[in-house]
Amino acid sequence: MHVTLLEKTDLTTRFIVEGIDAPLANTLRRIILSEVPTMAIDDVIIYENSSVLHDEILALRLGLIPLKTDLDSYNLPEKCECKSELGCSRCRVILTLDVKAEKGVRTVYSGDLVSEDPNVVPVSDKIPIIKLVAGQRIRLEAYAKLGRGKDHAKWQPVSACTYRYVPRLKLDYSRCNACGKCVEVCPRKVFAKEDKKVKIVNEMECILCNDCVRVCEMDPPAIQVSWRENAFIFYVESTGALPIERIIFEALKIYEEKFSEFINQLEGLFNEPKKS
Ligand SMILES: [Zn+2]
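Residues numbered from 1 in each chain as written. Predicted model: local features only at pLDDT ≥ 70, side-chain atom pairs only at ≥ 80, totals over all residues. Heavy atoms only, no water.

**What about the overall build of the protein?**
- Across its full length, the protein holds five helices and 12 strands.
- A compact globule built from 276 residues would reach a C-alpha radius of gyration of about 19 Å, whereas the protein, at 26 Å, exceeds it by more than 25%.
- Going through the 276 residues of the protein one by one, you find that 38% of them count as buried.
- Put simply, of all contacts in the protein between residues at least 6 apart along the chain, 72% involve residues at least 24 apart.
- Carbon together with sulfur atoms contributes 52% to the accessible area of the protein, which is approximately 16100 Å² in total.
- A distance of 4 Å separates the average location of the 39 positive side-chain charges in the protein from that of its 41 negative side-chain charges. (Helix = DSSP H or I, 4+ residues; strand = E, 2+ residues; numbered from the N terminus. Rg over C-alpha atoms; globule rule 2.2 N^0.38 Å. Buried < 20%, exposed > 50% of the residue type's maximum accessible area, 1.4 Å probe, protein only. Contact = heavy atoms within 4.5 Å. Areas by Shrake-Rupley, 256 points an atom, 1.4 Å probe, with all protein chains shown as cover. Lys, Arg positive; Asp, Glu negative; His and termini not counted. Charge placed at Lys NZ, Arg CZ, Asp CG, Glu CD.)

Right, dumping it as structure tokens:
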């Protein structure tokens, strides 16, 4: 296996993994989507809501606000010793919201939520929650907990997690008449015309759409589009809840834990003393 990093920012990363097959690539994708825990608002106690939005819709909107997650300080509710419905200080964070529109229309933003833990706050202050007109008020207490994407999409740590085959392009220069149609048609600007010659300048961006092959004036086309069987380009985009590298390492840790448990259980079964 060989991993090459193509790019990384605080929230996104793109890397190539060589030497794995599609089922393994998909396993990593699915663990990231459904198993890596993040914080999200799960219970809301509404003391006052004179807005036009029903309590349920308001609670749903609050749940969908991505929260910065502190994985090391909090327990998953099912693993916490407290076993209480609304959790304890080890498994939940309380955020309060108390906003009243004094005059005119006021938009309530995620930044109006006040968290008891400065490390667990909305990823952005500018997410609109609701609009209030003069005299309307919202007063509530929201309980954020760790959860997993398989239970509700609000707990997914990523807004995008994809993999695709590594493209392989071949351009037969001896037969290319440099008409430039492929340069124009390619949606990802894979080709460029330099010195009256068509060149492949961005092979990795190819999405295998084959448009370049279709517009090629040559018969058979001078361009061949294929892909490598055992190499994938991963693209992962964090919601901001966790740093991008933490999401990937956490997913691999979960994968490892699942398999070591599987091995342990099998060993236990196979080594059981035989009944006589
Ligand atoms: Zn607890």
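**Here's the deal with the nonpolar core**
- Counting residues in hydrophobic clusters, the biggest one holds 45 residues, and the most contacted among them are Ile 32, Met 39, Ile 41, Leu 62, Leu 67 and Phe 234.
- Residues Leu 169, Val 190, Phe 191 and Val 198 belong to the second largest nonpolar core, which totals 12 residues. (Core = buried A, V, L, I, M, F, W, Y, C linked by side-chain atoms within 4.5 Å.)

**Some points on the coordination of the zinc ion**
- Donor atoms from the polypeptide that bind the zinc ion are Cys 80 (SG), Cys 82 (SG), Cys 88 (SG) and Cys 91 (SG), placed at 2.2 to 2.3 Å.
- One can describe the donor arrangement at the zinc ion as tetrahedral, given that its four donor atoms subtend angles of 103 to 116 degrees at the metal.
- If you list the donors of the zinc ion from N- to C-terminus, the spacing comes out as C-x1-C-x5-C-x2-C. (Donors = N, O, S within 2.8 Å, 3.2 Å for Na, K, Ca; no water. Tetrahedral: all angles 85-135°; square planar, octahedral: opposite > 155°, others 65-115°.)

**Looking at the pattern of salt bridges**
- Scanning the entire structure with this criterion turns up 22 salt bridges.
- Lys 150 serves as the salt-bridge partner of Glu 35, at 3.5 Å between the closest nitrogen and oxygen. Here the residue Glu 35 occupies a position in the loop between helix H1 (22-34) and strand S3 (38-49), and Lys 150 occupies one in the loop between strand S8 (137-147) and strand S9 (158-171), the gap between them amounting to 115 residues.
- For Glu 35, a relative accessible area of 12% gives the class buried.
- Given the relative accessible area of 49%, Lys 150 is considered partly exposed.
- Across the salt bridge formed by Lys 154 and Asp 42, the nearest N and O atoms sit 3.0 Å from each other. (Salt bridge = Lys/Arg side-chain N within 4 Å of Asp/Glu carboxyl O.)

**Some thoughts on a nonpolar patch on the surface**
- Taken together, the side chains of Phe 259, Phe 262, Leu 266, Leu 269 and Phe 270 present a nonpolar region at the surface, about 540 Å² in accessible area.
- Tracing the chain through its elements places Leu 269 in helix H5 (residues 244-270).
- Residue Leu 269 is classed as exposed on the basis of its relative accessible area, which comes to 53%. (Patch = residues over 30% accessible without salt bridge, like charges linked within 9 Å, V, L, I, M, F, W, Y side chains within 5 Å.)

**A word on the side chain of Ser 34**
- Residue position: Ser 34 is located in helix H1.
- Reaching out from Ser 34, the side chain makes a polar contact with the backbone oxygen of Arg 30 at a distance of 2.6 Å.
- Leaving out residues up to four positions away in the same chain, Ser 34 has contacts with Arg 148, Gly 149 and Lys 150. (Polar contact = N/O pair within 3.5 Å; in protein donor to acceptor, adjacent residues only side chain to side chain.)

**Regarding helix H2 (residues 55-63)**
- Taken together, the buried positions of H2 are Leu 58, Leu 62 and Gly 63. Projected onto a plane normal to the axis of H2, the buried residues spread over an arc of 140 degrees and lie on a single side.
- The secondary structure elements touched by the buried residues of H2 are S3, strand S7 (128-133) and S8. (Arc of directions from axis to C-beta.)

**A word on H1**
- Counted at 1.5 Å a residue, the expected span for H1 with its 13 residues is 18 Å, and the 18 Å between its end C-alpha atoms agrees.
- Those residues of H1 that fall on the buried side of the exposure criterion are Ala 25, Leu 28, Ile 31, Ile 32, Leu 33 and Ser 34. (Expected span 1.5 Å × (residues − 1).)

**Digging into unusual backbone geometry**
- Of note, the bond from Asp 219 into Pro 220 is cis; its omega dihedral lies within 30 degrees of zero at -5 degrees.
- Tracing the chain through its elements places Pro 220 in the loop between helix H4 (211-215) and strand S12 (223-238).
- A positive phi angle, near 50 degrees, is found at Asp 195, a position not held by glycine.
- Relative to the helices and strands, Asp 195 resides in the loop between strand S10 (191-194) and strand S11 (197-200).
- Residue classification places Asp 195 among the exposed residues on the basis of a relative accessible area of 70%.
- If you check the backbone angles, Asn 210 has positive phi at about 70 degrees while not being a glycine.
- Position of Asn 210 among the secondary structure elements: in the loop between S11 and H4.
- By relative accessible area, Asn 210 is classed as partly exposed at 28%.

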